[in-house]
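Listed here are the chains, written in short residue letters.
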Amino acid sequence: MAVIELKNVKKIYGKGDAQVIALQDINFVANKGEVVLIMGPSGAGKSTFLTIAGSLQKPTSGEVIIDGDDIGNLSAKKSNALRLTKIGFVLQAYNLVPFLTVEEQFVLVDKVKKQNNLSKDELDKLLKQLGITKLLKKYPGELSGGQQQRAAIARALYANPEILLADEPTASLDTKNVEEVGQLFKDLAKKRNKAVMLVTRDPRLEKYADHIYEMMDGKMTQKK
Ligand code: ADP
Ligand code: MG
C-alpha cells in the first residue's frame, strides 16, 4: 500500500541568479513493508527530497500525498500532527537534544507524543539490538558519532511511526554496525510493515533494499 506519494514535485531555492533547481519533476511512491534507498552524490537533491517527502518543507509545485492526504491542503496544525504520529526522522545532523541523556530523549518523546510509543520491553529490545543499552545515562556529547547515530535511530523508532525517513543513517558507522542497522531497517519493513526510506551514498546498504533510486541534479531514476 502506498503511504507516501510525490507527484510532479519541483523544488526551487532562491531567486534570479541565485536560483537552484533542487528537484525537477519527481514522481515517487513508497509502500509499507519496503525499504527504499535513494542514492546519489552530494548536492543531488537527496536531503531536499527527504524533507519534502516528510513534510518538513513544502515543494515549489506538485503534490505530496501521505496516507491519502495531500499535505499541501492541510492546515499547519494538521500537517504537524500527521508528521508527529506517522513519520520518524533520522536526520543528518543527529538531532538529539544536547542537554538530555539518551534515556531522557525518550521521555521527551513521551511528552510530545503521549500515545502509541514503544512499551518498556520493546524499547529494551530495540536498545539491545542497537547496542546502546549501556549508554542510557550519557549525554550526546559523550557519545561517538556512531553511537549518536544509533541513539537517533532508536529515538525515531521509539515513537513507532509508520514511515521512517533517514538521511545518511550509516555515515559514521563501521561495517559491522552498518550490517546491524541495515538488518534492523529491513526487519522494520518486513516484520512491522513500515515504509522505510533511506537517503544514502553507502553501497553497503544496497542488499537490504527492495527498491533503489538514483538521484542526480534533482532528477530521479529507478535502478531496482
Ligand atoms: P544532497 O542531500 O543530495 O547533498 P541537497 O538536497 O542538500 O542535496 O541540495 C540540493 C541542491 O540544493 C544543492 O545545490 C544545494 O546547494 C541546494 N540547497 C539545499 N538546501 C538549500 C537551501 N536551504 N537554500 C538554497 N539552496 C539549497
Ligand atoms: Mg544531504
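One structure accompanies this document, and this report is about it. Quick caveat, the model's predicted, so the values are computed rather than measured.

### Regarding the packing of helix α3 (residues 102-112) against helix α5 (residues 145-158)
- Packing of α3 against α5 leaves a shortest axis separation of 10 Å and a crossing angle of 25°. The orientation of α3 with respect to α5, classified from their angle, is roughly parallel. Considering the relative orientation of α3 and α5, their crossing is right-handed. Along the contact surface, α3 presents V102, Q105, F106, V109 and D110, while α5 presents A151, A154, R155 and Y158.
- For the contact of α3 with α5, the residue count by class is six nonpolar, one polar and two charged.

### A few points about the site of ligand 1
- The environment of ligand 1 is made up of Y13, V20, A22, P41, S42, G43, A44, G45, K46, S47 and T48.
- In the model, an oxygen atom of ligand 1 is placed 3.0 Å from a nitrogen or oxygen of the G45 main chain.
- Here K46 contributes a side-chain N or O atom positioned 2.8 Å from an oxygen atom of ligand 1.
- Taken by itself ligand 1 offers 560 Å² of open surface, and the protein chains cover 57% of this.
- Put simply, the parts of the chain that give the shell around ligand 1 at least two residues each are β2 (20-31) and α1 (46-53).
- Of all the elements, α1 adds the most residues to the shell around ligand 1, at three residues.
- Counted by class, the shell around ligand 1 contains five nonpolar, five polar and one charged residues.

### Here we look at the environment of N27
- Assignment of secondary structure puts N27 in strand β2.
- Overall, N27 belongs to the partly exposed group, its relative accessible area being 45%.
- Considering only alpha carbons, one finds N27 and T221, 194 residues apart in sequence, at a separation of 9.6 Å.
- The residues touching N27, leaving out its near neighbours within four places in the chain, are L6, K7 and N8.
- Polar side-chain contacts of N27 include one of 2.9 Å to the backbone nitrogen of N8.

### What about the environment of L127?
- Residue position: L127 is located in helix α4 (residues 120-130).
- Every residue in contact with L127, bar those within four places of it in the chain, is listed here: F106, I132, T133, L136 and A154.

### Some points on the pattern of salt bridges
- Evaluation of the coordinates by the stated rule reveals nine salt bridges.
- Between K32 and E162 there is a salt bridge whose closest N-O contact spans 3.7 Å. In this pair, K32 sits in the loop between β2 and β3 (35-39) while E162 sits in the loop between α5 and β7 (163-167), placing the two residues 130 residues apart along the sequence.
- On the basis of relative accessible area, E162 is assigned to the partly exposed category, the value being 23%.
- Here K207 and E179 are joined by a salt bridge, their closest N and O atoms 2.8 Å apart. Of the two residues, K207 sits in the loop between β8 (195-200) and β9 (211-216) while E179 sits in helix α6 (residues 175-192), which places them 28 residues apart along the sequence.

What counts as what
- Residues numbered from 1 in each chain as written.
- Chains lettered and ligands numbered in written order.
- Predicted model: local features only at pLDDT ≥ 70, side-chain atom pairs only at ≥ 80, totals over all residues.
- Heavy atoms only, no water.
- Axes fitted to C-alpha atoms, helices over the stretch in contact; angles between N-to-C directions.
- Helix = DSSP H or I, 4+ residues; strand = E, 2+ residues; numbered from the N terminus.
- Parallel < 35°, antiparallel > 145°, perpendicular 65-115°, else oblique.
- Left-handed = near helix turned anticlockwise from the far one by under 90°.
- Contact = heavy atoms within 4.5 Å.
- Nonpolar A, V, L, I, M, F, W, Y, C, P; charged D, E, K, R; others polar.
- Near = heavy atom within 4 Å.
- Polar contact = N/O pair within 3.5 Å; in protein donor to acceptor, adjacent residues only side chain to side chain.
- Areas by Shrake-Rupley, 256 points an atom, 1.4 Å probe, with all protein chains shown as cover.
- Buried < 20%, exposed > 50% of the residue type's maximum accessible area, 1.4 Å probe, protein only.
- Salt bridge = Lys/Arg side-chain N within 4 Å of Asp/Glu carboxyl O.

So far we have only geometry, and geometry alone does not tell us how the molecule works.
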